[in-house]
Amino acid sequence: MSLDRTTTSEQTRTATLTQAAASRHRATALDQDAFLARAFDALSYALQPIVNVHTGSVYGFEALLRGVGELGFQDIFSLFGYAWEQGHSSALDMRLRELALAHFTCVPEAARYKLFFNLDPHLIEQERPEPTLELLTRHGLGADSICLELSERSDLTANPIVAQTISAYRGHRFHFAIDDFGSGYAGLRLLYEHPPDLLKIDRFFVGGMAEDHRKRHFVANMVQLAHVIGIQVVAEGVETEAELLACREVGCDLVQGYLIERPQLRIESLQTCYAQVAEIHSRNRRETTGDRVLIERCLERIPPLRVSDSISRLFDAFRLDKTHNILPVLDAADRPIGLVHESDLKDLIYSNYGRDLIVNRSYGRSLQDFVRPCPAIDIHDSPNRFLEAFSAGDNAAGLLVTLDGRYHGFISTTALLQLIDEKNLAAARDQNPLTKLPGNNSIHEYLSHALSQHGSTSHLVYLDFDSFKSFNDHYGFRRGDRVIQMFSELMRQYLSSGGWFIGHIGGDDFFAGIGDRDLDSVIDQVQGMLSKFRSDVQSLYDPEDRERGHLNARDRFGQERQNPLMRCSGAILEIRPGDDYGSGDDLGRIIAAMKCQAKRSPSGLALQQGPKGPIRTLPPTPRDENAWSPAAQATSRPAS
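Quick notes on the rules
Residues numbered from 1 in each chain as written. Predicted model: local features only at pLDDT ≥ 70, side-chain atom pairs only at ≥ 80, totals over all residues. Heavy atoms only, no water. Helix = DSSP H or I, 4+ residues; strand = E, 2+ residues; numbered from the N terminus. Buried < 20%, exposed > 50% of the residue type's maximum accessible area, 1.4 Å probe, protein only. Contact = heavy atoms within 4.5 Å. Areas by Shrake-Rupley, 256 points an atom, 1.4 Å probe, with all protein chains shown as cover. pLDDT = per-residue confidence, 0-100. Pairing = 2+ DSSP bridges. Lys, Arg positive; Asp, Glu negative; His and termini not counted. Salt bridge = Lys/Arg side-chain N within 4 Å of Asp/Glu carboxyl O. Polar contact = N/O pair within 3.5 Å; in protein donor to acceptor, adjacent residues only side chain to side chain. Axes fitted to C-alpha atoms, helices over the stretch in contact; angles between N-to-C directions. Phe/Tyr/Trp six-rings, centres within 6.5 Å; stacked < 30°, edge-to-face > 60°. Lys NZ or Arg CZ within 6 Å of the ring centre and 35° of its normal. Parallel < 35°, antiparallel > 145°, perpendicular 65-115°, else oblique. Left-handed = near helix turned anticlockwise from the far one by under 90°. Expected span 1.5 Å × (residues − 1). Arc of directions from axis to C-beta. Core = buried A, V, L, I, M, F, W, Y, C linked by side-chain atoms within 4.5 Å.

Right, let's get into the overall build of the protein. Within the protein, the regular secondary structure consists of 24 helices and 23 strands. The buried share among the 640 residues of the protein stands at 48%. Within the protein, contacts between residues at least 6 apart in sequence are counted, and of these 69% link residues at least 24 apart. Approximately 30,600 Å² of the protein is accessible, and the part contributed by carbon and sulfur atoms is 50%.

The following block contains the structure:
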């Protein structure tokens, strides 16, 4: 009897515990349903366009969650944290994906764009691609229509499961982006261990980049690092024209921010191309039409395949095209995926029954299985960027060229080498044959670019020799050429690094320019170079002329004159944000007036800040004061 009572008691307790657990489960389910119902009512997604930095054509849209505050949370990270603690994360995440995709598919021709969706970092270990693939299929989209963003604010490098998750998604052709790059920790390690398709540079670095030399330097290096490993770069938070121009200048591929468009809840407010981007560049960009012509000339228009095409279609394409041993492969939105190499099919083609086997659907091979990655680059990029992209590829056959993110053509290795050769030849033709410095075309290009950068400061330096004509007439052109070569070497020594551009206008006229540099540093470098030249050039005079401190020579009217020993005068023009110099003639008149004052000053340097600022002559260095002799002061302005 005792045993029976004990057994009954245990059964009763077990039943009670089971009922309690069931009640708790029902309560939890009710809590989750209630939470999700409130979340679904309060939350919505706004879409913000991500566009091509050159043209403003839309590449994709980022889904940005709205309504978090109405649920009582400070931000999205607080919402995700609460959902994780309560065990609601997985259910909430799937609801959010459904919500974002439903909104995205309302965009006309949504399949031609990418949806950027932020992953909940709490769930990265549990991520599986199948549920998202089912959602995409339900909405008529493929995996290449979505880009999953991994935030650098979470340490994903410490978890080995992350690599497995990313690999599983990549197997279905999902794309990944690292968000907020530069704002968190372990960013470089995340970039190394899980190389994304896109890198999004945090707003902190983009904001004010046009005026902040250090930020610009940081971003330029981030972009270069990303491009070296074949990753496209998105600049986040672009709000001003100056920031857009700076992003293009350092090589960003895509931009996102209020200058383009604010996040929009209403689909009808979105555009497929934001014309203001091209308009800003048309007013401000560096002349690149010559580069574009060269690149277009090298393009091959190889008919592409779609990744959905059959293997039979692949064989037919190679059979019909006898001139190419590669074929570009595109996704459903005409974005390049990579290349199929004919050599990869030879083992199958030439083996017994190989072709029949691979064409058979039961064999399980698809066109995607034969695609090799190939670097893709925008048609608007420079030839140097083309070479950089090619170098980043692993045994690349060439480059896939895009226009607004879509396939535009192919440049083979041979054509790329021809492109670089033509570019180098054009630069060589523009070089001064005596000094090998860039000539007037390059100087004009640099000058046009500097004048168009309304959001940043630049310094232009015009240089020419005093008393050169009398020296050249007296000693002959060979010794005159030695003077010109001496000065060009000094320019390389003092100004060829740190962002300086140096050029040779012709004769004894030279040019230098630099952006994003403080004025004192510019003056110090130029003064140091001019003082060195004034000292070194005396070695080219005969001893008696050098000892006398002047050269006795006849002027253009045949009269004997005492000509001071040679020096170089300089006019430094500071172009500040917002300065407008009108036409080239206006700028020429300003430079002429500055050079006139520079030649009459002991230092040989004149400065003007802004188009309406006063022209100031700078004080001489101690070496300049010693060289400015009473005899030199007594002479009239030296002929040059």
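Overall, the predicted model of the protein reaches an average pLDDT of 84, with 85% of residues at or above 70. Low pLDDT, under 50, characterises residues 627-640; the predicted model gives this stretch 26 contacts beyond four residues in sequence or across chains.

In terms of burial, strand β10 (residues 326-330) is largely enclosed, as five of its five residues are buried. Direction of pairing for strand β9 (residues 305-306) relative to β10: parallel, over a ladder of two bridges. In the sheet register, Leu305 faces β10, and the bridge partner there is Val329. Relative to strand β11 (residues 336-341), β10 runs antiparallel, the two sharing five bridges. If you follow Leu330 over to β11, its bridge partner there is Pro336. Taken together, β10 and the strand that follows it, β11, pair antiparallel across an intervening segment of five residues, in which Asp334 is found at a positive phi of about 70°.

Counting through the fold element by element, Lys215 comes out in helix α8 (residues 213-228). For the buried residue Lys215, which engages in no salt bridge, the nearest side chain bearing the opposite charge is Asp212, 4.9 Å off. Engagement of the side chain of Lys215 in a polar contact is seen with the backbone oxygen of Phe204, the distance being 2.8 Å. Engagement of the side chain of Lys215 in a polar contact is seen with the backbone oxygen of Gly207, the distance being 2.8 Å. Excluding residues within four positions of it along the chain, Lys215 makes contact with Phe204, Phe205, Gly207 and Met209.

What follows is about the sheet that holds strand β5 (residues 175-181). With respect to topology, eight strands assemble into a closed barrel ordered β1-β2-β3-β4-β5-β6-β7-β8, the strand pairing being mixed. Inspection of the sheet shows β5 paired to strand β6 (residues 198-201) by three bridges, in the parallel sense. Paired with Phe181 across the bridge in β6 is Ile201. Packed onto the sheet, α8 meets β5, β6 and β7 (232-235) and runs at close to 175° relative to β6.

This part covers the packing of aromatic side chains. Scanning all chains against the criterion turns up 22 aromatic pairs. Look at Tyr169 and Phe176: their rings are 5.9 Å apart centre to centre, the planes differ by 85°, and that puts the pair in the edge-to-face class. Taken together, the ring pairs in this structure connect Phe465, Phe468, Phe487, Phe510 and Phe533 into an aromatic cluster. The ring of Tyr258 is capped by Arg262, whose NZ or CZ atom sits 4.0 Å from the centre of that ring.

When two helices pack together, their arrangement is given by the angle between the helix axes and the distance between those axes. Running from N to C, helix α19 (residues 477-495) and helix α20 (residues 519-536) point in directions that differ by 150°, and their axes come no closer than 10 Å. Comparing their axes, α20 and α19 come out roughly antiparallel. Every pair of crossing elements has a handedness; the one defined by α19 and α20 is right-handed. Contact residues: α19 offers Val483, Met486, Phe487, Leu490, Met491, Tyr494 and Leu495, while α20 offers Gln525, Gly528, Met529, Leu530, Lys532, Phe533 and Asp536.

Once that is clear, we can look at α19. Relative to the 27 Å expected for 19 residues at 1.5 Å per residue, α19 spans 26 Å between its end C-alpha atoms, a close match to the ideal helical length. Regarding α19, the residues found buried are Gly480, Val483, Ile484, Phe487, Ser488, Leu490, Met491 and Leu495. Mapping the buried residues of α19 onto a view down its axis gives an arc of 160°, with all of them on the same face. Those residues of α19 that are exposed and aimed more than 90 degrees away from the buried face are Arg478 and Gln493. Structurally, α19 contributes buried residues whose contacts are with β16 (458-466), α18 (468-475), β17 (501-506), β18 (509-515), α20 and β21 (567-575).

Turning our attention to the sheet that holds strand β22 (residues 605-609). Across the sheet, six strands lie side by side as β17-β18-β16-β21-β22-β23; this open sheet has mixed pairing. Strands with a single pairing partner mark the edges of an open sheet, and in this sheet they are β17 and β23 (616-617). In this sheet, β18 lies alongside β16 in antiparallel orientation, the contact comprising seven bridges. Across the sheet, the residue bridging to His459 is Ile514, located in β18. Along the sheet, α20 makes contact with β16, β18, β21 and β22, crossing β21 at roughly 170°.

The next subject is the pattern of salt bridges. A side chain of one charge can pair with a side chain of the opposite charge if their charged atoms are brought near each other. Taken as a whole, this structure holds 32 salt bridges when the rule is applied. A salt bridge links Asp334 to Arg112; the shortest N-O distance between them is 3.6 Å. Residue Asp334 is found in the loop between β10 and β11, and its partner Arg112 is found in the loop between α3 (89-104) and β3 (114-118); the two are separated by 222 residues along the sequence. According to the relative accessible area criterion, Asp334 is partly exposed, its value standing at 21%. In this structure, Arg128 engages Glu130 in a salt bridge whose closest nitrogen and oxygen atoms are separated by 3.5 Å. Looking at Glu130, the relative accessible area reads 35%, which means it is partly exposed.

So, about the pairing of strand β15 (residues 406-412). Looking along a regular strand, one sees the side chains alternate between the two faces of the sheet. For β15, a buried count of seven out of seven residues is recorded, marking the element as mostly surrounded by other parts of the structure. Pairing of strand β14 (residues 398-403) with β15, which is carried by six bridges, proceeds in the antiparallel orientation. Of the residues in β15, the one forming a bridge with Leu403 is Arg406. Here β14 folds back onto β15 in antiparallel fashion, the turn holding two residues, of which Asp404 has a positive phi close to 55°.

We now examine the environment of Gly582. Summarising the element assignment, Gly582 is placed in the loop between β21 and α22 (584-599). When the C-alpha positions of Gly582 and Leu451 are compared, they lie 9.5 Å apart, and in sequence the two are 131 residues distant.

Once that is clear, we can look at the nonpolar core. Counting 77 residues, the largest nonpolar core has Leu43, Leu79, Leu92, Val107 and Val255 as its most contacted members. Those residues in contact with Val255 that lie beyond four places of it in its chain are Pro49, Ile50, Val51, Val53, Ala235, Val238, Leu244, Cys247 and Ile260. Core analysis: the next-biggest nonpolar cluster, separate from the first, contains 37 residues, Val483, Tyr541, Leu565 and Leu618 among them.

As a further point, take unusual backbone geometry. Residue Glu109 is not a glycine yet carries a positive backbone phi of 55°. Note that Glu109 resides in the loop between α3 and β3. On the accessibility criterion, Glu109 (60% relative accessible area) is exposed. Although it is not a glycine, Ser467 sits at a positive phi angle of roughly 70°. For Ser467, the position within the fold is in the loop between β16 and α18. Residue Ser467 is classed as buried on the basis of its relative accessible area, which comes to 1%.

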